[in-house]
Amino acid sequence: MQPATEADVELARITPGSQAGAKPVTATPVITLSPQQKAAIIVRLLSSEGMRLPLAELSEDQQTELTAQIGAMKLVDRDTLHAVVAEFCEALEAVGLTFPSGLDGALSLLDGQLSSAATSRLRRLALATADTDPWERITGLSTAVLLQVMTEESVEVAAVLLSKLSVPKAADLLGQLPGDRARRIAYAVSRTGNVAPETVQRIGIALAQQLDSLPARAFDTGPVERVGAILNQSPSATREDVLIGLEEEDQDFAEKVRKAIFTFTNIPKRIDTRDVPRILRNVDQQKLIVALAGATGEDVKAAEFILANMSQRMAASLREEMGTLGKLRAKDVEEAMAAVVTAIREMEAAGELTLLAEEEDETQG
């Protein structure tokens, strides 16, 4: 008996060249079966058990060949079935490690570990292979990137892209487009019914190549976000001096930075009241007491907001401890408030809470 290959085991690579018109298998020793016939037996067996196999991941030629092989076979005796299953199980048990198929699979495996330049080059190479589906990558891109494509491409291309996305993601994108543009793209979707699969594939390849040709960015975030993050961690006096200087140089940029900054003062406007208890669980209690006790000016509103949105018993306990602290150093208060802000930022980055947008501030108030 020939040893089972990885192709036999995974049913993912059926050896090309088998004859679709193979003679029906009846009481035939397993040693005479081809890898294609063994694969057909395993697929038939697993399907009879109600398992849905990812056969769509095979190439069209492989899917056609497997289907033809299944159609050509009639009966398989019990001994042959047992022998094929035993060989299949032995091969599975012998597998110690599997690798992703092709460059696309390798890039997914190494996602985030390669340089931007290397990733871009490898993606271009992957697109040159016939078995690569460009839509797998395109549909996984961020909403911001896809929105740019939907805005700049023709309505016909945008309609194809919209049709390839999941319904929630497509709805989100459509809602961010100007009304007239959204209506035209939605109407163009109605004309995609007769678009050939080859055309959709070519559009996907063209879009992927266009996205991969964009120059790699040296920074993961934009200048507004970077300056805002730096000023978030700066002392309040330094932060205000820098912002005043930015306003003198570029008022529009300064305004964007102000909106990107999140400080202790912003807590009442940007934090949902329901999130306060969860935030406090991530803040050292002693730091929290110092931050609340040292609040002055606009920060007093933030301190009262926090105290008002916790249990009365806990608020009373904290107020009692705050009253025993005496005079606090400004540096200690700044550090304590920064600890509260850092906890909020970390929760936001982890997807555990969402900061309220500026537009929502007025409606909440």
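Here the structure is a predicted model, which is why all the values come from computation and not from measurement.

### Comments concerning the layout of surface pockets
The computed volume of the second largest pocket comes to approximately 660 Å³. Taken together, the elements giving at least two residues each to the lining of the second largest pocket come down to helix 14 (236-249), helix 15 (251-260) and helix 21 (330-349). Ranked by residue count, the leading element in the lining of the second largest pocket is helix 21, at 6 residues. Its residues assigned to classes, the lining of the second largest pocket shows 10 nonpolar, 9 polar and 9 charged.

### Some words on the side chain of arginine 270
As for its position among the elements, arginine 270 is in helix 16 (residues 267-270). Judged by relative accessible area, which is 11%, arginine 270 ranks as buried.

### Describing the packing of helix 2 (residues 35-48) against helix 4 (residues 78-94)
At their nearest, the axes of helix 2 and helix 4 sit 10 Å apart, and the two run at 95° to each other. Taken together, the axes of helix 2 and helix 4 lie roughly perpendicular to each other. Between helix 2, through Lys38, Ile41, Ile42 and Leu45, and helix 4, the contact on the second element is made entirely by Leu81, Val84, Val85, Glu87 and Phe88. Here the residues of the contact of helix 2 with helix 4 are counted per class, giving 7 nonpolar, no polar and 2 charged.

### Things to note about the confidence of the model for the chain
For any part of a model where pLDDT is low, the fine detail of the predicted coordinates should not be relied upon. Here the chain averages 79 in pLDDT, and 78% of its residues register 70 or above. Taken as a whole, residues 1-30 scores under 50 in pLDDT and shows 67 contacts with residues more than four places along the chain or in a different chain. Low pLDDT (under 50) marks residues 360-365, which in the prediction has 4 contacts with non-local residues, meaning those over four places away or in another chain.

### Observations concerning the pattern of salt bridges
Scanning the entire structure with this criterion turns up 12 salt bridges. For aspartate 275, the salt bridge identified is with arginine 278, shortest N-O distance 2.7 Å. Owing to a relative accessible area of 27%, arginine 278 belongs among the partly exposed residues under this scheme. Between arginine 345 and glutamate 348 there is a salt bridge, with its nearest N and O atoms 3.0 Å apart. Taken together, the residues span about one helical turn, with arginine 345 and glutamate 348 both in helix 21 at a distance of 3 residues.

### Describing the nonpolar core
Phe264, Ile267, Ile271, Leu292, Ile306, Val340 and Ile344 are the most contacted members of the largest nonpolar core, which totals 33 residues. For this core, the elements supplying multiple residues, two or more each, are helix 17 (276-280), helix 18 (285-293), helix 19 (299-308), helix 20 (312-322) and helix 21. No other element matches helix 21, which puts 8 residues into this core. Setting aside chain neighbours within four positions, we find isoleucine 271 in contact with Phe262, Val276, Ile279, Phe305, Ile344, Leu355 and Leu356. Listed in part, the 23 residues of the second largest apolar core include Leu141, Leu146, Ile185 and Ile203.

The rules behind the values
Residues numbered from 1 in each chain as written. Predicted model: local features only at pLDDT ≥ 70, side-chain atom pairs only at ≥ 80, totals over all residues. Heavy atoms only, no water. 1 Å grid on protein atoms, 1.4 Å probe; cavity = no way out; pocket = protein on both sides within 12 Å on 5 of 7 lines; lining within 4 Å. Points joined across faces, edges and corners; volume = space filled by probe spheres on them. Helix = DSSP H or I, 4+ residues; strand = E, 2+ residues; numbered from the N terminus. Nonpolar A, V, L, I, M, F, W, Y, C, P; charged D, E, K, R; others polar. Buried < 20%, exposed > 50% of the residue type's maximum accessible area, 1.4 Å probe, protein only. Axes fitted to C-alpha atoms, helices over the stretch in contact; angles between N-to-C directions. Parallel < 35°, antiparallel > 145°, perpendicular 65-115°, else oblique. Contact = heavy atoms within 4.5 Å. pLDDT = per-residue confidence, 0-100. Salt bridge = Lys/Arg side-chain N within 4 Å of Asp/Glu carboxyl O. Core = buried A, V, L, I, M, F, W, Y, C linked by side-chain atoms within 4.5 Å.

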